[in-house]
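# Overview (structure and organization)
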Amino acid sequence: QSLPQQKLLTWLSVLECVEVFAEMGTARVWGEMGRWTIIVLIQLAKAILRLLLLLWYKAGIQTSPPIVPLNREQQQPLHPQDMEDNSSGKDQTYVGRRSSRVVRSLQNTPSLQSRHWGSPQQREESQSRRAEEMNQPPTPLGLQETIAESIYITRPLLHLLSLGVWGQRSWKPWLLSAVLDISSLSLLSDLKDLNRRERAELRRRTILLLYYLLRSPFYDRYSEGRILLLLRLLADYVPGVGFVTRPLMDYLPAWQKIYFYNWG
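Residues numbered from 1 in each chain as written. Predicted model: local features only at pLDDT ≥ 70, side-chain atom pairs only at ≥ 80, totals over all residues. Heavy atoms only, no water.

In the nomenclature of an unreviewed UniProt entry, the protein chain is known as Peroxisomal membrane protein PEX16 of Smutsornis africanus. Comment text from UniProt for the protein chain, heading Sequence similarities (unreviewed entry), reads "Belongs to the peroxin-16 family." Per UniProt, the protein chain has the following entry under Subcellular location (unreviewed entry): "Peroxisome membrane". (UniProt positions renumbered as here; feature names shortened; annotations may be inferred.)

See the structure below:
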């Protein structure tokens, strides 16, 4: 990736990290008008950055978060002693004569911080495979797929616009957003030979369609009573589950009021 593209991804990641805090902080300081202003500005900035990545840098299907978090345990470098042993050509493994089991030799046991249960060959293979997957170029998008990704990117802006036109209690913003999400996924479903990261992103978007059961006005009219009843039954009749379900019941009303938790 070029340096400008990396900067765009960094700024996009920063926006996704601070959006909930910005919404809640602005609502506390400037009230509802300030809250909706910051929501529109953040969604507009995110849409511009994502469209630049899609149309100018040909970034393909974009993931959320834009920068995949680093797994430090999986990408932990070799201990200096291990690197010295590798450079000196020492054999790090021993193959059993009868069992043919590959085990690490006692002379080359690494420090506790960098110790792992797999053989050195397995670790090197998994690291190289993971690096290969991370460095795979994005799948080229045709016109149909580019339109589908553009629909997904601009959906939050169209939803906010419809909220301003028809109000928060109207079904039209909910239906418009659902139609745009489903249309985008349907157009992208024809893509073949996606890499692992892109397949995971499409699965995530499909699962997020369940959020429409928790979004107003559907939640206010249909889902709220059933969900609270289910959580209450689990808390009362399933031992140990109440530690999770009771705080969740208390949290749901607050969660509903924060735009970026359920719409962002």
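Our next topic: the overall build of the protein chain. A count of helical and extended segments in the protein chain gives 9 helices and 2 strands. Put simply, the protein chain runs from its N terminus to its C terminus through helices and strands in the order α-α-β-β-α-α-α-α-α-α-α. Each of the 264 residues in the protein chain was classed as buried or not, and the buried ones make up 35%. In the protein chain, the share of contacts with a sequence separation of at least 24, taken over all contacts with a separation of at least 6, comes to 69%. Put simply, the protein chain shows about 17,300 Å² of open surface, and 62% of that area lies on carbon and sulfur atoms. (Helix = DSSP H or I, 4+ residues; strand = E, 2+ residues; numbered from the N terminus. Buried < 20%, exposed > 50% of the residue type's maximum accessible area, 1.4 Å probe, protein only. Contact = heavy atoms within 4.5 Å. Areas by Shrake-Rupley, 256 points an atom, 1.4 Å probe, with all protein chains shown as cover.)

This part is about the nonpolar core. Within the largest apolar cluster, 13 residues are counted, with the highest numbers of intra-cluster contacts made by Ile-39, Leu-160, Tyr-212, Tyr-259, Phe-260 and Trp-263. Of all the elements in the fold, those that place two or more residues in this core are helix H1 (3-56), helix H4 (143-166), helix H5 (172-188) and helix H9 (259-262). A total of 4 residues in this core trace back to one element, the largest contributor, which is H1. With sequence-adjacent residues up to four places away left out, Phe-260 is seen in contact with Glu-19, Val-20, Glu-23, Ile-39, Ile-42 and Gln-43. (Core = buried A, V, L, I, M, F, W, Y, C linked by side-chain atoms within 4.5 Å.)

A separate point is the environment of Pro-137. Of note, Pro-137 is situated in the loop between helix H3 (120-134) and H4. Note: C-alpha distance between Pro-137 and Asn-195 (58 residues apart in sequence) is 8.4 Å.

This part is about the packing of aromatic side chains. Two measures describe an aromatic ring pair: the distance that separates the ring centres and the angle between the ring planes. Scanning the model with the defined rule gives 11 aromatic pairs in all. With 6.2 Å between their ring centres and 85° between their planes, Trp-171 and Phe-218 make a pair best called edge-to-face. Remark: Phe-218 occurs in helix H7 (residues 218-237) and Trp-171 occurs in the loop between H4 and H5; sequence separation between them is 47 residues. Its relative accessible area of 22% is what places Phe-218 among the partly exposed residues. Taken together through their ring pairs, the aromatic side chains of Trp-171, Trp-174, Tyr-212, Phe-218, Tyr-222 and Trp-263 make up a single cluster. Between the NZ or CZ atom of Arg-205 and the centre of the ring of Tyr-152, over which it lies, the distance is 3.7 Å. A cation over a ring is seen here: Arg-215 above Trp-263, with NZ or CZ 4.4 Å from the ring centre. (Phe/Tyr/Trp six-rings, centres within 6.5 Å; stacked < 30°, edge-to-face > 60°. Lys NZ or Arg CZ within 6 Å of the ring centre and 35° of its normal.)

When you line up the elements, Asp-181 lands in helix H5. The exposure class assigned to Asp-181 is buried, which follows from its relative accessible area of 8%. With near-sequence residues (within four places) excluded, Asp-181 lies in contact with Tyr-152, Arg-155, Leu-209, Tyr-212 and Arg-215.

Right, let's talk about H1 for a bit. When the terminal C-alpha atoms of H1 are compared, their 14 Å separation across 54 residues is substantially less than the 80 Å that a helix rising 1.5 Å per residue should span. Along H1, the sharpest kink reaches roughly 140°, centred on Trp-30. Count one or two residues on from H1 and you reach Lys-58, which has phi positive near 55°. (Expected span 1.5 Å × (residues − 1). Bend = angle between axes of the 7 residues up to and from the residue.)

The next thing to look at is the pattern of salt bridges. When charged atoms on two side chains of opposite charge get close, those side chains can pair. Taken as a whole and assessed by the stated rule, the structure comprises 9 salt bridges. Its salt-bridge partner being Asp-181, residue Arg-155 comes within 3.7 Å of it at the nearest N-O pair. With Arg-155 in helix H4 and Asp-181 in helix H5, this pair connects stretches of sequence that are 26 residues apart. For the pair shown, Arg-155 and Asp-181 are each scored as buried. Sharing partners across several salt bridges, the network here consists of Glu-149, Glu-201, Arg-204 and Arg-205. (Salt bridge = Lys/Arg side-chain N within 4 Å of Asp/Glu carboxyl O.)

Along its 17 residues, H5 runs 24 Å from first to last C-alpha, staying within 8% of the 24 Å computed at 1.5 Å per residue. Taken as a whole, H5 has its buried residues at Pro-173, Trp-174, Ser-177, Ala-178, Leu-180, Asp-181, Ser-184, Leu-185 and Leu-188. An end-on view of H5 places all buried positions within 165° of arc, on one side of the element. (Arc of directions from axis to C-beta.)

Okay, a nonpolar patch on the surface next. The grouping of Leu-44, Ile-48, Leu-52 and Trp-56 at the surface amounts to a nonpolar patch, some 430 Å² of accessible area in total. Considering the arrangement of structural elements, one finds Trp-56 in helix H1. (Patch = residues over 30% accessible without salt bridge, like charges linked within 9 Å, V, L, I, M, F, W, Y side chains within 5 Å.)

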